[in-house]
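Residue-level listing of the chains:
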Amino acid sequence: MVALKMEDLRQFTSQLFVGETFDRWLVREATIVTFNSFTIDGHIRQGYYSERELEENQIEELSSWKALRPFCFSLIKGKKLPESFQITLQLAPADVETFLKYAQLEFTVEQVNGLYLNIRYEAGTVHCVTGTSLNLFTLDRQIEIEWDEAARLYFKREKIPYSEA
């Protein structure tokens, strides 16, 4: 787990809420506090869609950030800054597989419950904290180390300045 402080609040929030930088990520949950507290559970209610819709649109367990971003943006836009927000993003299964191959880790996608990026805005600053969850017990922390480094590389590639918190 690594905590990264985003150095340019305006640039980061623009990339998060307006740009496509995080669109491939899945949303576990989001809480946005403005004049009310709004909470979004990213789990898709499978019964809402027909079997055909689920198959055709490749709808799985969680909503993508791309699908929820407009709703979240509508909650924060305006003259006043939000009091706070917390968004938990999860790497999509296809991207988990790519990550495991790239990092040369001996885990299967099924063994990885989630690779997370927890984004928290509070008191005028944004912090991103990485997290991992496995479906098995291991003393090997290599996946955590590699995930932390992958997050750093992601921000560098997307030209998002940060410092280690």
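So, how was this worked out
Residues numbered from 1 in each chain as written. Predicted model: local features only at pLDDT ≥ 70, side-chain atom pairs only at ≥ 80, totals over all residues. Heavy atoms only, no water. Phe/Tyr/Trp six-rings, centres within 6.5 Å; stacked < 30°, edge-to-face > 60°. Helix = DSSP H or I, 4+ residues; strand = E, 2+ residues; numbered from the N terminus. Buried < 20%, exposed > 50% of the residue type's maximum accessible area, 1.4 Å probe, protein only. Core = buried A, V, L, I, M, F, W, Y, C linked by side-chain atoms within 4.5 Å. Contact = heavy atoms within 4.5 Å. Pairing = 2+ DSSP bridges. Arc of directions from axis to C-beta. Disulfide = S-S within 2.5 Å.

1. Regarding the packing of aromatic side chains
A full pass over the atoms with the stated rule returns 13 aromatic pairs. Relative to W147, the ring of W25 has its centre 6.0 Å away and its plane inclined at 50°; by these criteria the two rings are tilted. On the criterion of sequence distance, the pair formed by W25 in the loop between α1 (9–17) and β2 (26–33) and W147 in helix α5 (residues 142–157) is long-range, its members being 122 residues apart. On the basis of relative accessible area, W25 is assigned to the buried category, the value being 7%. The class of W147 is buried, set by a relative accessible area of 4%. Through pairs of rings, three or more aromatic residues link up here, namely F12, F22, W25, F99, W147, Y154, F155 and Y162.

2. Examining the nonpolar core
Generally speaking, soluble globular proteins have nonpolar side chains that are buried together. Ranked by internal contacts, the top residues of the largest apolar core, which has 39 residues, are F12, F22, I119 and F155. Examining the composition of this core, we find that five residues originate from one element, strand β6 (residues 112–122), more than from any other. With near-sequence residues (within four places) excluded, F12 lies in contact with M6, F22, I119, V126, C128, F155 and I160.

3. Brief notes about the pairing of β6
In this structure, strand β5 (residues 84–90) lies alongside β6, joined through seven bridges in antiparallel fashion. Bridge pairing in β6 places Q86 opposite R120. Examined bridge by bridge, β6 and strand β7 (residues 125–134) share 10 bridges and lie antiparallel to one another. Counted as the bridge partner of R120 is H127 from β7. Between the end of β6 and the start of β7, which pair antiparallel, lie two residues, with A123 showing a positive phi angle near 55°.

4. Thoughts on helix α4 (residues 93–102)
Owing to its 3.6 residues per turn, the α-helix brings residues three or four apart onto one side. Among all positions of α4, only D95, V96, F99 and L100 are buried. Buried residues along α4 cover an arc of 140° about the axis, so they all sit on one side. For α4, exposure combined with an orientation more than 90 degrees from the buried face picks out A94, K101 and Y102. Where α4 is buried, its residues touch β6 and α5. Immediately beyond the C-terminal end of α4, within one or two residues, lies Q104, with a positive phi of roughly 55°.

5. Side note on the state of the cysteines
In the structure shown here, the tally under the stated rule is zero disulfides. No disulfide involves C72; its nearest neighbouring cysteine sulfur is the one of C128, lying 15 Å away. You can call C128 buried: its relative accessible area is 0%.

6. A short note on the pairing of β7
Where strand β1 (residues 3–6) meets β7, three bridges bridge the pair, whose relative direction is antiparallel. Bridging across to β7, K5 finds its partner in H127.

Keep in mind these numbers describe shape, not what the thing actually does.
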